[in-house]
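Read off the chains here:
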Amino acid sequence: VFFHNALPFVGFGFLDNAIMIAAGTQIELSIGVILGISTMAGNLAGYVEALASRLGLSIPDLTPKQADMWQTRLSAHLGKAIGVTIGCILGMFPLLFFGDEEEKLEEKK
């Protein structure tokens, strides 16, 4: 249950963070202004979960009683929280490609 919930959220956190870091400002200034929305309006989680299902991530075979247990719900929530945290950390990789523009501007002064 934990891994079934964690893996799609690793993908979601990675894509969300990487896209927002790399293209968030441009999305906000172009599409966001035209449509009157923010970059936070999109929701990738459903798409990532569907992709994980297509790639063969199987649904745990639980009885209705097992699915309703507090341990199962806790495992699902922890999987999502830890998965999205790991994904967001991995999704910060675009920051490696940004230079120190502020330091360069200060050196020119």
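Residues numbered from 1 in each chain as written. Predicted model: local features only at pLDDT ≥ 70, side-chain atom pairs only at ≥ 80, totals over all residues. Heavy atoms only, no water.

Within an unreviewed UniProt entry, the label attached to the chain reads TMM65 protein, and the organism entered is Scopus umbretta.

Peer 1: Tell me about the environment of A76, and please be specific about residues and values.
Peer 2: For A76, the location among the structural elements is in helix α4 (residues 70-90). C-alpha of A76 to C-alpha of H4: the two residues are 72 residues apart in sequence and 7.9 Å apart in space. Setting aside its immediate chain neighbours within four residues, A76 contacts V1 and N5. (Helix = DSSP H or I, 4+ residues; strand = E, 2+ residues; numbered from the N terminus. Contact = heavy atoms within 4.5 Å.)

Peer 1: Break down the pattern of salt bridges for me, citing the residues and quoting the values.
Peer 2: One pass over the full model with this rule turns up 1 salt bridge. Between D68 and R73 there is a salt bridge whose closest N-O contact spans 3.4 Å. (Salt bridge = Lys/Arg side-chain N within 4 Å of Asp/Glu carboxyl O.)

Peer 1: Account for the environment of F93, with residues named and values stated.
Peer 2: One can find F93 in the loop between α4 and α5 (101-108). As a C-alpha pair, F93 and A18 span 75 residues in sequence and 7.0 Å in three-dimensional space. What F93 contacts, discounting residues up to four positions off in sequence, is F14 and A18.

Peer 1: Describe the environment of S53, and please don't skip the residues or the numbers.
Peer 2: With respect to the element layout, S53 can be found in helix α2 (residues 45-54). In this structure, the C-alpha to C-alpha distance between S53 and P8, residues 45 residues apart in sequence, is 8.8 Å.

Peer 1: Talk me through the UniProt feature "transmembrane region" (unreviewed entry) in the chain; I want residue IDs and the actual numbers.
Peer 2: The sites that carry the UniProt feature "transmembrane region" (unreviewed entry) are, in the present numbering, residues 78-99. Along residues 78-99, the helical share is 59% and the strand share 0%, with 35 Å between the first and last C-alpha atoms. (UniProt positions renumbered as here; feature names shortened; annotations may be inferred.)

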